Amino acid sequence: MLSARLRVLVFALMTIAFCSMPLTAQQNQSQQRPQLADAPPAPIPPAIFSAKKVFLSNAGADSGLFPHPFSGSQDRVYNQFYAAMQKWGRYDLVSGPDDADLVFELRLSGPNGPANPDKQKGASDPLPIFHLAVLDRKSHYTLWTVTESIPVAFLQKTHDRNFDDALAALVVDVKKLSEPAQVTADAHGRPVQ
């Protein structure tokens, strides 16, 4: 029989060996895995750059968002985005999808509520979010999706300002997406935008 001291020593050594195995495996994985931050930018579908005509599709807004917390009607989303796109002038906005190169499908989704409402366990309240899907008219495939959340507010005026700010940010996102970036190389030959 093993003495008590020897049993404690064997147990301690086995515990150390067992605990170090996952750490060693994790270190090997991280050494073999390429760093994602070093990945070059993925290409944006060329159809987004070459498109001239866009049909703006109103996919609506979830119920319960108008007139509170946001003033106006559900058409506010579509009307404001349409006006901003028209003012920008990059794309010719057409009245039907058959005349378009791309379809921009715009939707405002409302929160469904937290999955676990116990704030002590880390539940958070979801935010209303704008979704803009960029679709190829011919294939009907989604080429890109852009989203912007609307921050929480307590006053009607602040709700409306946050709505306007998030929609303006969505337009900026579309502008960035639609303009080909100037790609240059850094000192190591990696692309830099």
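Since the structure is predicted, the reported quantities are computational estimates derived from the model, not experimental observations.

Each value, and the rule that gives it
- Residues numbered from 1 in each chain as written.
- Predicted model: local features only at pLDDT ≥ 70, side-chain atom pairs only at ≥ 80, totals over all residues.
- Heavy atoms only, no water.
- Core = buried A, V, L, I, M, F, W, Y, C linked by side-chain atoms within 4.5 Å.
- Buried < 20%, exposed > 50% of the residue type's maximum accessible area, 1.4 Å probe, protein only.
- Helix = DSSP H or I, 4+ residues; strand = E, 2+ residues; numbered from the N terminus.
- Pairing = 2+ DSSP bridges.
- Salt bridge = Lys/Arg side-chain N within 4 Å of Asp/Glu carboxyl O.

Caption draft 1: Representation of the nonpolar core. Phe 81, Tyr 91, Phe 104, Leu 108, Phe 130 and Phe 163 are the most contacted members of the largest nonpolar core, which has 30 residues in total. Elements represented by at least two residues in this core include exactly β1 (53-61), α3 (75-88), β3 (102-109), β4 (129-136) and α4 (156-178). Per-element tally for this core: the top contributor is α4, with seven residues. Core analysis: the second largest hydrophobic core is formed by five residues, Phe 55, Val 94, Val 103 and Leu 135 among them.

Caption draft 2: Region of the structure containing the sheet that holds strand β5 (residues 142-149). Here five strands make up an open sheet; going across it, the order is β2-β1-β3-β4-β5 and the pairing mixed. Since the sheet does not close on itself, it has two edges, and those belong to β2 (92-93) and β5, each with one partner. Where β1 meets β3, six bridges bridge the pair, whose relative direction is parallel. For Asn 58, the partnering residue across the bridge sits in β3 and is Leu 106.

Caption draft 3: Examining the pattern of salt bridges more closely. Under the defined criterion, the tally for this structure stands at three salt bridges. Arg 76 is the salt-bridge partner of Asp 160, the closest N and O atoms lying 2.9 Å from each other. Taken together, the residues Asp 160 in helix α4 and Arg 76 in helix α3 connect sequence positions 84 residues apart. Each member of the pair Asp 160 and Arg 76 is classed as buried. Three or more residues joined by partner-sharing salt bridges are found here, namely Arg 76, Asp 160 and Asp 164.

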